[in-house]
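Structure assessment
For reference, the chains in residue letters:
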Amino acid sequence: MSNLLQDTTLQTQPFRYYFKKHPRVFFLGSLSLFITNFLDVLTPLGVKYAIDAVTAKDSTKLILAILIYVGLMTCVALFRFGWRYFFGRFHHTVAEDLRNRIFGKLTELGPSFYQRSPVGQLMSLMTNDVNTFRMAIGPGMLTLLDALFLLGMILPIMIWISWDWTWKTLIFIPFIPFIMKKLEAAIHTRYRKEQDLLAEVSANTQEIVAGVRVIKGFAQEQNQLDAFNRKSREYELACNSVVQVDALFHPSFQSAIILGGVSLLWFGTPDVMKGTVTLGSFVAFHDYVRRMVWPFSAIGLASSMMEQGRASFSRIKDLLSTETDIPDLGDQTIEKFESLELKNLTFRYNGAIEDALTDINLTIHAGETIGIVGPVGAGKTTLLQVATRMYPTSQGSVRINGVNIDRIRRDSLSHFISYVTQDVFLFSDTIAENVALGFSDFPGLEAVEEATNTVNIDQEIRGIPGSYGAYLGERGVNLSGGQKQRLTIARAMIRRSQLVILDDSLSAVDGRTEKAITRALKSNLAANSEDGSTKRTVILVSHRLATLKHADRIVVMNRGRIEAIGTHEELLTMSQTYREMNSMQNMAPPAQTGSHA
Amino acid sequence: MSAQASAQPVNEFHDTDREDKVRVGTSIREILVRLWPYFMRRKVQFGFSILAVFLGAGAARLAVVVFGLVIDRGVLKNDHGFVAMAIIGYFLLQVGGTLMDYLQMVVFGRLGNRILFDLRSELVRHVQDLPISYFDKTPSGRIVTRLTNDVVSLGEVFTQGLIMVFAALVSMAAIVTAMFAISWKLTIATLIIAPPIIYIVKRLSDRVLDALRASKGKLAAINAFVAENVGGMRILQLYGRVGRNNARFQKLSGEYRQDMMNQVMAYALLWPLVSLFNGFSVAVALYYGGRLTLDGTITTGAMVAFLLHTRAFIDPLHLILEKYQVLQNSLSGAERVFTLQDEKAESQEGLDSIDRLAGAIEFKNVSFKYRPELPFAIENINLKIEPGQSVAFVGRTGSGKSTSIALLQRLYDVTEGAITIDGKPLDQYGRKQLRARIGVVQQDTFMFRGTVSQNIGLGDPAISKERTLRAAAGARLSEFLRSHANGLEAKVEERGANLSFGERQLIAFARILAFNPDILILDEATANIDSHTEQLIQEATRKVRQGRTSLIIAHRISTIMDCDKIVVLDRGHVAEVGTHQELYNLRGIYRKLCDAQFGEGKSVDETPI
């Protein structure tokens, strides 16, 4: 918020914004570049004087000319180092700033954003687009300046040597930027196609590797290979088409040099023979013709780099200016949780054609244990996500202690709620750090162990090489599904939050552990709270009625609506859906198969 | 086992991070030796590009010689006719040389792309033939990186590295030859500072390489961090971890900038040094060449030509240095690709085709270890299954259920004993042919990107549209598909993310019905299903079991009570075998499992076994 003004400059004029932000390195870089070019352009003159000295048979002049030449070259080397260094600092600092901004933005955005933005796309923004913009503001800018400086310096010298030669040799050069631009445009579209196809080939490979068990299981190797080869072949052709254009770059400025050189030979030699121009000037001029090709092609290159940079920046800008639908603008904090109230709540996902939640009314009081059941797609998880403000409310309201949830600070929300989501997500960090995820400072191994003990995983962790310090993820240990699930529960347990939400988190947990967890949840929070009477509020989503049986109230959901609320016994009489679920889950085998009941 | 199988996509970038720090052992020579056969498959293209390199370098030098002659024989002798002739010659030589440059790049580039196609195709074939144990121990992300990024970086050898370096070397050799032709003394004097410069340049480019490697590693770390944080953003927000991870990212990002700056510094020293070297060479050529010209040892034109040759030295030198890095970069990629290629594939011998299996399965004293140093995963299993029977395997995690089933699919080979199908030992059937006759439904079914119907037929041309439709109807998929606008053509996202667990399960059943295997393996899903879906799945299960031998890895007693045979496994041994009734009355392990599931007031599908 505080940077709002700056941010607008960044978004409208990114180049200007960064030049102003880092004026020193940019200025020093440009100055070094200017001096480098200035001195470098003079070096052929050193050669000219040397050759003229040779033709004039004057060896002192020859030595002098060479000393000047060597002196120039040394200074050129020094300043060359200078501009590389300063410009390097400039554009790499810019890239760092952009990366940090992008990441910061990503941490503000909610699930509705992530649903429509694939991870791969965001990664590409962070690396490719930032890099393309860096190339534009760094090397692109540099190339442009370089070209302008060189043009401004070489041309006067050439004209000074011979105006007549100048126009006759350079007449071919103005076509270069035009050709370069055409080539750049052609290669850009072809390269884009190549990259797209490469992405497809990669995705295909990924599928083959990830699905190798299915492929082997159904003996589909040959079919998969055929399909892969078709993609791979398309990619090959796209690569070839890039090569074809790419190979034209060198010949196209080469041809300008050739034509210029031939023209110089044709028109220049008579002048040298007549003696109006010296041989040294002739050789130096030949060198200048060669040097003029670069600035002209550089203009073409720089402008296409700038264009690409602009395209990349507009993608970056789109992200940076994305408004989060769950802005953290509240000013209220919750010290002691009293109630969670959902009132006339109706919710629809972006782009969906049906409501995910319809007219939900539910009040949960502190200390209650609430069960939620319902078939897949009933809206259970959606309800929890709206209630914890992963999504904004549009119709109806969510209130905590009577305060609208928008007005509560996010850090306060995350402080008193621990939500164990349905999808188990562990970070590639140590086991201990994963459990202590919700703390800004590591709470100590004892606290971690206490939590893991509650979910009966302490012993198993000790059996892993590295114990609590073992890394998870692909480069570390692989846990079983059940173990992962228990770790995510431990992650919630350790925080002793006043409201704990378990979204189908007990599905892969055995009966004994489930009991231990429910016992721990129901135990008093007293150990950590001044108020001895504080009881934890628990919301449990499960498909197993046995898990929910002892809840104070059970909410039966179906097709986004609350169908019934009540205790287990009440629902058995009240709700048809609940009764069906119950009878299906209670097909006790001895009774059914008879003989030995 | 299946827990490992469902590899988590958490961290696919981290391993590159680690491996990039490993020093590379492969040399460019090894790459060449290894890729030689691929070149030899396309001799004409290969030979043509080599020829073009030589012609191009020769033409460029001759053009300079002509330029010198213009001065000596034309300008200084006032011979207009010679000048005109020479200019035409100069023009033709230059045009010819440039044309050769172009052809060399195009032909060699195409050749490289073809070789990469071959390589990718061979690698994918090879990876599909690797034993499942390879996939157990290798994270999927790493294999994918081998097949994509590493092949691409190996490809840079062709597309930009090899031919250009070769061309540069040839043109440097041509330059030195041309210089020697003018004056060997002058050449030696001019190039005398080359060795120490080359030494320093080599040291500096090693620094550049180190910096490159460091920054690549850091970039991989940044990618991994972003991928993971984006994936788990919800958790980070829910648990108030955002601020801290922002700080961690900024630290990484700053370190990356520093690594990039090291690279900039190394380059900033390298390039000016190279041009300074060239400057000194030109100065020496001017001074000593000037002296020789004054002496009359060489002509003025020769001196100018010599200068032009000297100056031309810098371009190929530049290029070699630049490409040296590209090549070094490809080395690590190449090495990893080659390591993957050298991985031993499953043996493919066995019957070429199997028409139909009756489905009589027998385990005879079967024992198996995953690795020689590990204890037996299953030991001395004896079991007979009649055609068409349904057999359930129960037991705790690690009791050997999944292992026995994997052996039947020949995902692993038995250590001792034998498994027979229809009386024939398994190793007499080819692996692929055998697997084609055995259908598997996994706990969590893998879904391919594409459509529902593609996921049923798996892109097999043998599975017709009607068959897919019938299979979908048979698996009761229609009810689910009705909610998707496109029905069977509904899009399936990566790993079936847009489908519910139940939908994925039903698609897996439809797969079985479409492929109609003789033997069915069903690894029952543990949980997460609501009662209605459960009912659909039960129905589908009954349907797919009809008419084929079925082996079920069971987690809930309720689903297997009607099986012909229940096999209770305990620590790798068969503990009990019989029908539900028999085993229940036996009051052994099975009875305990039943009591654990039905007793204590818990519902049927409560406890996973």
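Keep in mind the model is a prediction, meaning the values are calculated, not measured. Each chain carries its own residue numbering, running from 1 in the written order of its sequence. Chain A is the first chain written and ligand 1 is the first ligand written, with later ones labelled in order. Totals for whole chains, interfaces and linings use all residues, but because this is a predicted model, local features are given only for residues with pLDDT of at least 70 and pairs of side-chain atoms are given and counted only at 80 or more.

1. Focus on the domain arrangement of chain A
Our working rule: Domain delimitation follows an automatic or database domain assignment.
Taken domain by domain, chain A consists of domain 1 (1–161 + 309–325), domain 2 (163–276) and domain 3 (339–424 + 497–585). Of note, the centres of domain 2 of chain A and domain 3 of chain A, computed from C-alpha atoms alone, are 59 Å apart.

2. Here we look at the packing of helix α9 (residues 194–231) of chain B against helix α11 (residues 242–295) of chain B
All names here are of chain B. Which entries qualify depends on this criterion: Interaxial angle, 0 to 180 degrees, is taken between N-to-C directions of lines fitted to C-alpha atoms, where a helix line uses only the stretch in contact. A run of H or I in DSSP counts as a helix once it spans at least four residues, and a run of E counts as a strand once it spans at least two, with each numbered from the N terminus. Throughout this description, any angle smaller than 35 degrees is read as roughly parallel, any larger than 145 degrees as roughly antiparallel, any in the 65 to 115 degree range as roughly perpendicular, and the remainder as oblique. Crossings are classed by handedness, with left-handed meaning an anticlockwise turn of the near helix from the far one by less than a right angle and right-handed meaning a clockwise turn. Residue classes follow a fixed rule: Ala, Val, Leu, Ile, Met, Phe, Trp, Tyr, Cys and Pro count as nonpolar, while Asp, Glu, Lys and Arg count as charged, and any other residue, Gly among them, counts as polar.
Viewed as axis vectors pointing N to C, α9 and α11 meet at an angle of 160 degrees, and their least axial separation amounts to 9 Å. Here α9 lies roughly antiparallel to α11, going by the angle between them. For α9 against α11, the interelement crossing comes out left-handed. Across the contact of α9 with α11, the residue classes break down as 23 nonpolar, 7 polar and 4 charged.

3. So, the confidence of the model for chain A
Residue and element names in this part refer to chain A. Just so we agree on the cut-off: The pLDDT value tells you how sure the predictor is about a given residue, anywhere from 0 up to 100. Note that contacts rest on C-beta atoms placed from the backbone: two residues are in contact if these are within 7 Å.
Residues of chain A with pLDDT of at least 70 account for 94%, and the chain-wide mean is 85. Element-level pLDDT for chain A is lowest in helix α22 (residues 589–593), with a mean of 36, against a maximum mean of 92 in helix α4 (residues 59–108). Low pLDDT, under 50, characterises residues 1–5; the stretch is placed with 0 contacts to residues that sit more than four places away or in other chains. Long-range and interchain partners of residues 587–597, a stretch whose pLDDT sits below 50, account for 16 contacts in this model, where long-range means more than four residues apart.

4. What to know about the pairing of strand β12 (residues 573–578) of chain B
The side chains of a regular strand alternate between both faces of the sheet. Residues and elements named next belong to chain B. What counts, and what does not: Pairs of strands are assigned from DSSP output, requiring at least two bridges between the strands.
Of the pairings in the sheet, the one linking strand β11 (residues 565–570) to β12 comprises 5 bridges and is antiparallel in character. Within the sheet, the bridge partner assigned to D570 lies in β12 and is H573. Hairpin connection between β11 and β12: a loop of 2 residues separates the two successive antiparallel strands, and R571 in this loop has a positive phi of roughly 45 degrees.

5. Examining the environment of Q341 of chain B
All names here are of chain B. In plain terms, the rule: Exposure criterion: with C-beta atoms placed from backbone coordinates, a residue whose C-beta has 20 or more other C-beta atoms within 10 Å is buried, one with 12 or fewer is exposed, and one in between is partly exposed.
Looking at where Q341 falls in the secondary structure, it is placed in helix α13 (residues 314–342). Using a count of 14 C-beta atoms within 10 Å as the deciding quantity, one classes Q341 as partly exposed. Sequence separation of Q341 and L119 is 222 residues, and the distance between their C-alpha atoms is 9.7 Å.

6. Here's the deal with the interface of chain B and chain A
Taken together, the contacts link 134 residues of chain B with 125 residues of chain A. Looking at the side of chain B that touches chain A, the element that brings in the most residues is α11 of chain B, giving 28 residues. Across the side of chain B that touches chain A, the residue classes tally to 66 nonpolar, 46 polar and 22 charged.

7. Description of the packing of helix α6 (residues 119–161) of chain A against α9 of chain B
For any two helices packed against each other, the geometry comes down to the angle between their axes and how far apart the axes lie. The contact between α6 of chain A and α9 of chain B brings their axes to 10 Å, and the two run at 140 degrees. What the angle tells us is that α6 of chain A and α9 of chain B run oblique. Here the hand of the crossing between α6 of chain A and α9 of chain B comes out right-handed. The segment α6 of chain A lies against α9 of chain B, with V119, L122, M123, M126 and T127 of chain A engaging L219, N223, V226, A227, V230 and G231 of chain B. Looking at side-chain class alone, the contact of α6 of chain A with α9 of chain B contains 8 nonpolar, 3 polar and no charged residues.

8. Some details on unusual backbone geometry
Only a minority of non-glycine residues have a phi that is not negative, and only a minority of peptide bonds are not trans. Residues and elements named next belong to chain A. Phi is positive for N344, which is not a glycine, with a value near 45 degrees. Structurally, the position occupied by N344 is in strand β1 (residues 339–347). Positive phi outside glycine occurs at N456, with the angle close to 55 degrees. Among the secondary structure elements, N456 is positioned in the loop between α15 (445–454) and α16 (458–463). For N456, a count of 18 C-beta atoms within 10 Å puts it in the partly exposed group.

9. Looking at helix α7 (residues 163–170) of chain A
Note on helix geometry: an α-helix contains 3.6 residues per turn, so any two residues three or four positions apart are oriented the same way. So the rule is basically this: Taken from the helix axis, the directions to the C-beta atoms give the arc we talk about.
Taken together, the buried positions of α7 of chain A are occupied by W165, T166, T169 and L170 of chain A. Angular distribution of buried residues about the axis of α7 of chain A spans 105 degrees; they occupy a single face of the element.

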